[in-house]
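# Examining the three-dimensional arrangement
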Amino acid sequence: MTFPDRVISGAVHYFRVHPDLWADRLARVAAMGLNTVETYVAWNFHSPAPGTYDFTGWRDLPRFVELAGEQGLQVLLRPGPYVCAEWDLGGLPAWLLRDPGLRLRCCDPAFLAAVDDYLDRLLPLVVPLQATRGGPVVAVQVENEYGSFGDDADYLRHVRDGLVGRGIDVPLFTSDGPGPDHLASGTLPGTLATVNFGSRVAEAFGELERFRPGEPKMCMELWHGWFDHWGEQHHTRDPGEAAAVLEEILAAGGSVNLYMAHGGTSFGLWSGANLEAGHQPTVTSYDYDAPVGEAGEITEKFHAFRTVIGRYAHLPEREPPALPPRLAPQTLPVERWAPFGAASAAWGDAVHGPAPRWMEEVGSGRGLVLYRGSVLVPPDGGRLVLEDLADRAHVFADDRLVGVVDPAEAAAGIELAPRPDGAPTRLELLVENRGRVNFGPGLGRDRKGVGAVRLGNRFVHGWQTVPIELDADGFTDAVAFGGEPAGEPAPTYAGVTVHVDAPADGFLALPGWGRGFVWLGGFLLGRYDEAGPQRTLYAPAPLWRAGANEVVVLEMAHVGERVELRDVSDLG
Ligand code: GLA
């Protein structure tokens, strides 16, 4: 089988779309004139613990592929094992980081063993879905932009051979930046090379032609939009200008995959981060300024792309589906409060030891981790130093908040005063994981939690490490509400009830709040942050029910007074 002639594809990640909306989103991207949809497979979304895999419900990849087939779409599958994608650790399971010696994305035997187990679980589900067996999957990617990361050709071959050896017989491809060094390290002889870019088509395809004369040209990621970090500006790109780049690719006879056709949402705690100007966590929305918006909106870019595609391919007769209905706006005063400790029934078991443990060692590795210990502060005081903190800590001494610190501040130390009675001071460090780096040399370096604690130069020993997995099923059921908001800027739970007649799409906003987490009906929608740019969280129809819906907020900085349900999104 050869690579299909003209692929006009767009990316839709099943892990970023509620499964009840998969068919709707696939119908929308098909209506734009795509003949193919592309998805990554996020390994960590399927594997909560070593040797444990889930391919059901939201994780039912075969169902997504079959639904695409029902829309007449071919499927490009990009199973990693690494995918980047602004997804926690680039899709690699955080449990890989439990082994401090393990090296990612190379022929480290422990890494290869985990990769092989993943492929053993995944590929039996994919093999029957290939075009060679009558299914929609027409091609499969080997790794992802490996040329931007490493030069271990044996590893890349191991992944390729692992696909072939387990029954993948549709064409394979790699995908890289168009620079000669990227292509040299990221490609494999005999495997189609594709390139990723946002503009300068002739230059990129020219590089590819020099590297692989006469081979088909495909832009595997046309970056016509972009993602956002908290505290930075929102990215959009002019539809006309983006459509002109698409036209250039198609006019050159190339194939394309729009990254993204529909971006969706990094619900829960799955958002990744970059490490360039320090740790830069990515926002919850993955709208990406895509032609089909986060809530299914048919945008100006959709029409601009459809017009261009219509000049090179047959457009489907059908119109794109209408915008799904939205809930009427409501302002919801907080009805219930609870201190942070009120959900302790949902915390994980404490792990005792001389040193604090990494979050990855004690559970899923997502959410928060609480360290409990004590230290005798000498009469002239001392500086409490948190080594290798990731990513932010609330520091309590005898139940009093003495600092909210980022890694630089934590390394500089927090002044502690001695107790008048000469007794040891009780310490609690509540550390928040704000998302693991998913791209570049920082991948796998940011183990979460704290590496060691010192008072001056003396290590503090004797710690309990307690994982707090905010995205665990039923977590908010454990919040024992009652009482008033806490007086000081400590983490606090707030609850409101939202009555709706019938489920529909909504957007939750928290004006006046600081930053934290929001659940709807027990489902963790994701993080919010007054730093913006994102101001509303998408709450899709399948998460609502007719009647009363519980919204729970965990605020980490300063509480507001009300939650707003809105009928328009605000991404900044
Ligand atoms: C790279 C990766 C993608 C994504 C984009 C940026 O091209 O391959 O997974 O991270 O960058 O959105």
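Structural data are supplied above this passage.
Residues numbered from 1 in each chain as written. Predicted model: local features only at pLDDT ≥ 70, side-chain atom pairs only at ≥ 80, totals over all residues. Heavy atoms only, no water.

Attention shifts here to the overall build of the protein chain. Within the protein chain one finds eleven helices and 29 strands. In summary, the protein chain has a C-alpha radius of gyration of 25 Å against a globular reference of 25 Å for 572 residues, a match within 12%. Seen through its C-alpha atoms, the protein chain measures out along the principal axes to roughly 80 × 55 × 40 Å. Counting only residues that meet the buried cut, the protein chain has 59% of its 572 residues in that class. Counting contacts in the protein chain only where the partners sit at least 6 residues apart, residues at least 24 apart contribute 80% of the total. Of the roughly 20,600 Å² of accessible surface on the protein chain, 52% is carried by carbon and sulfur atoms. (Helix = DSSP H or I, 4+ residues; strand = E, 2+ residues; numbered from the N terminus. Rg over C-alpha atoms; globule rule 2.2 N^0.38 Å. Buried < 20%, exposed > 50% of the residue type's maximum accessible area, 1.4 Å probe, protein only. Contact = heavy atoms within 4.5 Å. Areas by Shrake-Rupley, 256 points an atom, 1.4 Å probe, with all protein chains shown as cover.)

Turning our eyes to something else, we now look at the side chain of Arg25. Relative to the helices and strands, Arg25 is located in helix H1 (residues 22–31). A polar side-chain atom of Arg25 sits 3.2 Å from a polar atom in the side chain of His262. Those residues in contact with Arg25, other than ones at most four positions away along the chain, are Val17, His262, Glu294, Ala295, Gly296, Pro324 and Tyr538. (Polar contact = N/O pair within 3.5 Å; in protein donor to acceptor, adjacent residues only side chain to side chain.)

Under the criterion given, the structure shown has four cavities of 30 Å³ or more. The wall of the largest cavity is formed by Trp226, Phe227, Asp228, His234, Val283, Ser285, Tyr286, Asp287, Tyr288, Pro533, Gln534 and Leu571. Across the lining of the largest cavity, the residue classes break down as seven nonpolar, three polar and two charged. (1 Å grid on protein atoms, 1.4 Å probe; cavity = no way out; pocket = protein on both sides within 12 Å on 5 of 7 lines; lining within 4 Å. Points joined across faces, edges and corners; volume = space filled by probe spheres on them. Nonpolar A, V, L, I, M, F, W, Y, C, P; charged D, E, K, R; others polar.)

Moving on, we come to the site of the ligand. Taken together, 14 residues form the shell around the ligand, and within it Tyr40, Ala85, Glu86, Glu221 and Tyr288 come nearest. Backbone polar atom of Val83 to an oxygen atom of the ligand: 3.1 Å apart, as the coordinates give it. Between the ligand and the protein, one listed contact pairs an oxygen atom with a side-chain N or O atom of Glu86 at 2.7 Å. If you map the ligand onto the pockets, it falls in the second largest pocket. Among the residues forming the shell around the ligand, the class breakdown is ten nonpolar, one polar and three charged. (Near = heavy atom within 4 Å. Sits in = over half its atoms within 2 Å of the grid points.)

A word on helix H5 (residues 153–165). With 13 residues, H5 ought to run about 18 Å at 1.5 Å a step, and its terminal C-alpha atoms sit 18 Å apart, in line with that. Of the positions making up H5, those classed as buried are Tyr155, Leu156, Val159, Arg160, Gly162 and Leu163. For H5, the arc enclosing every buried residue in end-on projection is 155°, short of the 170-degree limit, so these residues lie on one face. Looking one or two places after H5, you find Gly167, whose phi comes out positive at around 105°. (Expected span 1.5 Å × (residues − 1). Arc of directions from axis to C-beta.)

On to unusual backbone geometry. Backbone torsion omega between Gly80 and Pro81 reads 15°, so that peptide bond is classified as cis. Along the polypeptide, Pro81 turns up in the loop between strand S3 (74–78) and helix H4 (109–126). For the bond running from Gly532 to Pro533, omega is 5°, close enough to zero to count as cis. Structurally, Pro533 is set in the loop between strand S26 (523–529) and strand S27 (536–539). Located in the positive-phi region is Glu145, a residue other than glycine, with phi close to 45°. Position of Glu145 relative to the elements: it lies in the loop between strand S4 (137–141) and H5. Within the chain, Arg200 stands out as a residue other than glycine whose phi angle is a positive 50°. Position of Arg200 relative to the elements: it lies in the loop between strand S6 (192–197) and helix H7 (201–211).

A separate point is the pattern of salt bridges. With the rule as written, the count across this model stands at 37 salt bridges. The partner of Arg326 in a salt bridge is Glu297, with the nearest N and O atoms 3.0 Å apart. Here Arg326, found in the loop between helix H9 (300–310) and strand S11 (330–333), pairs with Glu297, found in the loop between strand S10 (278–281) and H9; they are 29 residues apart in sequence, far enough to count as distant. Given a relative accessible area of 24%, Arg326 falls into the partly exposed group. Linking Arg366 and Asp471 is a salt bridge whose minimum nitrogen-to-oxygen distance equals 2.7 Å. Linking Arg366 in the loop between helix H10 (359–362) and strand S14 (368–375) with Asp471 in the loop between strand S22 (463–468) and strand S23 (492–500), this pair joins segments that are 105 residues apart in sequence. Using a relative accessible area of 16% as the deciding quantity, one classes Arg366 as buried. When salt bridges that share partners are traced, they join Asp24, Arg25 and Arg28 into one network. (Salt bridge = Lys/Arg side-chain N within 4 Å of Asp/Glu carboxyl O.)

Quick look at the environment of Trp226 now. Along the polypeptide, Trp226 turns up in the loop between strand S7 (218–223) and helix H8 (239–251). Taking the relative accessible area as the measure of exposure, Trp226 reaches 32% and is therefore partly exposed. Along the primary structure Trp226 and Tyr286 are separated by 60 residues, whereas in three dimensions their C-alpha atoms are 8.7 Å apart. Leave out the neighbours within four places in its chain, and Trp226 touches His235 and Tyr288.

Okay, the side chain of Lys217 next. In this structure, Lys217 sits in the loop between H7 and S7. A relative accessible area of 15% means that Lys217 is categorised as buried. Here the side chain of Lys217 touches Glu209 through a polar contact of 2.7 Å, side chain to side chain.

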